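Letter by letter, the chains look like this.
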Amino acid sequence: MKICKNFLKINKANYLKFIEKKNSSMAAKFKAVDFSERIVLLPHCMRSTGNCKAKDEGTYYTCVGCGACKIAQITKLAKELGYKKVYIMKGGKAIQNLLIQDKTKAVVAVACHFEGAQGIKMTDKLKVITQFVPLLKDGCCDTDVDVEIVKKIMEQK
């Protein structure tokens, strides 16, 4: 699948269509990967500013389940299903290193349209099977995602 070289030209409507097409093309491969070989990547901007108790791990955070944001719900489901790990990522370059280090086979990734477009390019290059969920509310803090969509994708088997 070709990726637009100029990410600034990718608007939300085009991104949503692209994500739908990308997710659909990878759905069967994603379902074939065992939960224990999957990770969840969440953007740090989903954390509740001033209320989040997540543990700072350097390039990412680990949710401690404080319930201040939707990350706790996603993390709880990931543990129940047996996912390898949930990472609350601070930045893009760290993601590439993490995917290589963890020898990740499949990812559920939540991102804004700009970061998601970059993420698709990265995961395609690394041949990591990925399902993306776009944020409902963009921004650099207190963003939002539809947890039901995330859960639906995570539970696919």
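Below you will find a few notes about this structure. (Residues numbered from 1 in each chain as written. Predicted model: local features only at pLDDT ≥ 70, side-chain atom pairs only at ≥ 80, totals over all residues. Heavy atoms only, no water.)

1. Some points on the pairing of strand β5 (residues 106-111)
Short version of the rule: A 1.4 Å probe rolled over the protein chains alone gives each residue an accessible area, and that area as a share of the maximum for its type sets the label: buried under 20%, exposed over 50%, partly exposed in between. Helix and strand definitions follow DSSP, with helices as H or I runs of at least four residues and strands as E runs of at least two, each counted in order from the N terminus. Pairing between strands is defined by DSSP: at least two bridges between the two strands are required. Crossover handedness is defined by viewing with both strands directed away from the observer: a clockwise path from the first strand over the helix to the second marks the crossover as right-handed.
Most of β5 sits out of view: 6 of its 6 residues are buried. Burial along β5 is two-sided: Ala106, Val108 and Val110 facing one way and Val107, Ala109 and Ala111 facing the other are all buried. Relative to strand β6 (residues 129-134), β5 runs parallel, the two being bridged by 6 bridges. Its bridge partner being in β6, Ala111 is matched across the sheet by Pro134. This β-α-β element, β5 to helix α4 (residues 113-126) to β6, shows right-handed connectivity.

2. Points about the pattern of salt bridges
Operational definition: One speaks of a salt bridge when a side-chain nitrogen belonging to Lys or Arg is within 4 Å of a carboxyl oxygen belonging to Asp or Glu.
With the rule as written, the count across this model stands at 7 salt bridges. Among the ionic pairs, Lys157 bridges to Asp34, the shortest N-O distance being 3.7 Å. Note that Lys157 is positioned in the segment after α5 (147-154) and Asp34 in the loop between α1 (12-32) and β1 (38-43), a separation of 123 residues in sequence. Under the relative-accessibility criterion, Asp34 is labelled partly exposed at 37%. For the salt bridge of Glu80 with Lys76, the shortest nitrogen-to-oxygen distance reads 3.9 Å. Pair noted here: Glu80 and Lys76 are both in helix α2 (residues 71-81), with a separation of 4 residues, about one helical turn. Lys76 matches Glu80 in its accessibility class, with the two residues each being exposed.

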